[in-house]
Every structure is written in C-alpha cells, then in structure tokens.
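Commentary on secondary and tertiary structure
Here are the chains, one letter per residue:
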Amino acid sequence: MAEVLFILTTVFVAYVVFVVVECEKRKIEEAKQKAKPAASKPAAAAKAESAVKAESAAKTPAPSEKKPASAAAKPQSQPASAAGSLPDTLKNPETGEEVKVPNNYRFTKRWIKEALVAEGLLDKIYKNNELDEEATAKIKAAMDQLKMMDKYH
C-alpha cells in the first residue's frame, strides 16, 4: 500500500512540475512577442515620438477656470515630484519578467543583483553575511540608480 501511495505521489509531483514549467514558458514567449513590436521601431523614431508628445502636452492650455495664484503654482510642482519618484517594479530586459523591487537585498532576485554588477553600480554581489551598514547604504544607492534606468522599465 505504501508503495502505491509513493508512486501516485511521485506522478502527481511530476505533473505539477510539468504544468509550472509550461506556464513559465508561455509567459516568456508572450513577453518576447510583446517586446518584438516595440523593439522593431528605430530608437530615433521612438525618441522623436516621445519628444513630440512631451511638446504637445506642454503646449496644451490649462482649463479656463479662474484659480488663485497659489493654486496655479501647485500643478506645476506636482509633475516634478512625480518625475522624481522611483518605479515600484523592474523589468528584466532579457526575459521581460517584471518584479516588484524588494526593500531587502536578501530577497532581491538574482538577475537584479547581476544587473547591479553589470551596470557598474556595485563591485560585486554581496552574500548575506557580508551585509553591514556600509554595504547596505551602497546597495540602496545602487538600487535607486538602477530604478531610474530606462532599460529596466
């Protein structure tokens, strides 16, 4: 009886692993298909489009409602603060995987750690026992710089 239970458990585990692997393959293929149309545009044309959109957004007149002078100054300061805010997710340029940026370096995905080193923001991938206050400060600054890079959006 124990042998039959063992065989059934083994078959079930193999099936679950198979389904998970197939699901991940589909996600990667979908991400690649979504990335291909965007990548097919020339970089200069994409930059020109974004510049035209930014200029047209800047030229659009504000609503014709009467506002006090202090209220008129607030909307101008809000986009600057929004531009300074960091994104909550990072995208792996190779696989298209998007992950939420963890607060703790120990829980950071391996590809993010490798990207920090590849971009020259850190000199090495730190092990958990090497994390002290100085290393944590370096990592935090490097993560902020990585979040700002367009490659990982």
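Residues numbered from 1 in each chain as written. Predicted model: local features only at pLDDT ≥ 70, side-chain atom pairs only at ≥ 80, totals over all residues. Heavy atoms only, no water.

Scanning the protein chain from terminus to terminus reveals 5 helices and 2 strands. Tracing the protein chain from N to C terminus, the helices and strands come up as α-α-α-β-β-α-α. Counting the 153 residues in the protein chain, one finds 14% classified as buried. In the protein chain, the share of contacts with a sequence separation of at least 24, taken over all contacts with a separation of at least 6, comes to 44%. When the accessible surface of the protein chain is summed, it comes to about 12200 Å², and 60% of that surface belongs to carbon and sulfur atoms. (Helix = DSSP H or I, 4+ residues; strand = E, 2+ residues; numbered from the N terminus. Buried < 20%, exposed > 50% of the residue type's maximum accessible area, 1.4 Å probe, protein only. Contact = heavy atoms within 4.5 Å. Areas by Shrake-Rupley, 256 points an atom, 1.4 Å probe, with all protein chains shown as cover.)

Okay, the packing of helix α4 (residues 110-118) against helix α5 (residues 133-148) next. Remark: α4 packs on α5, axes separated minimally by 10 Å, with the N-to-C direction vectors making an angle of 90°. Judged by the inter-axis angle, α4 sits roughly perpendicular to α5. Across the interface between the two elements, I112, A115 and L116 of α4 pack against A142, M143 and L146 of α5. For the contact of α4 with α5, the per-class residue count stands at 6 nonpolar, no polar and no charged. (Axes fitted to C-alpha atoms, helices over the stretch in contact; angles between N-to-C directions. Parallel < 35°, antiparallel > 145°, perpendicular 65-115°, else oblique. Nonpolar A, V, L, I, M, F, W, Y, C, P; charged D, E, K, R; others polar.)

Before going further, it helps to examine the packing of aromatic side chains. Counted by the stated rule, this structure contains 1 aromatic pair. Judged by centre distance (6.5 Å) and plane angle (75°), the rings of Y105 and Y126 are edge-to-face. Of the two residues, Y105 is situated in the loop between β2 (98-100) and α4 and Y126 in the loop between α4 and α5; the sequence distance between them amounts to 21 residues. A cation over a ring is seen here: K113 above Y105, with NZ or CZ 4.8 Å from the ring centre. (Phe/Tyr/Trp six-rings, centres within 6.5 Å; stacked < 30°, edge-to-face > 60°. Lys NZ or Arg CZ within 6 Å of the ring centre and 35° of its normal.)

Taken as a whole, the protein chain shows an average pLDDT of 75; of its residues, 67% reach a score of 70 or greater. Confidence, read as mean pLDDT per element, is least for helix α3 (residues 69-84) in the protein chain (42) and greatest for α4 (91). Long-range and interchain partners of residues 54-83, a stretch whose pLDDT sits below 50, account for 1 contact in this model, where long-range means more than four residues apart. (pLDDT = per-residue confidence, 0-100.)

So, about the side chain of K113. Looking at the element boundaries, K113 is found in helix α4. The buried charged residue K113 lacks any salt bridge, with E114 as its nearest oppositely charged partner at 9.6 Å. (Lys, Arg positive; Asp, Glu negative; His and termini not counted. Salt bridge = Lys/Arg side-chain N within 4 Å of Asp/Glu carboxyl O.)

Residue classification places Y126 among the buried positions, given a relative accessible area of 8%. Distance in space between the C-alpha atoms of Y126 and K113 is 8.5 Å, their sequence separation being 13 residues. Here the side chain of Y126 touches D123 through a polar contact of 3.4 Å, side chain to side chain. (Polar contact = N/O pair within 3.5 Å; in protein donor to acceptor, adjacent residues only side chain to side chain.)

Along an α-helix, a turn takes 3.6 residues, which lines up residues three or four apart on a common side. When we look at burial in α4, the residues that qualify are W111, I112, K113, A115 and L116. For α4, the elements touching its buried residues are β1 (89-91), β2 and α5. Just beyond α4, the residue with positive phi is G120, at close to 80°.

Here we come to the environment of V99. Among the structural elements, V99 can be located in strand β2. V99 sits in the buried class, given a relative accessible area of 10%. Placed 10 residues apart in sequence, V99 and K109 show a C-alpha to C-alpha distance of 8.4 Å. Leaving out residues up to four positions away in the same chain, V99 has contacts with D88, T89, L90, K109, W111 and I112.

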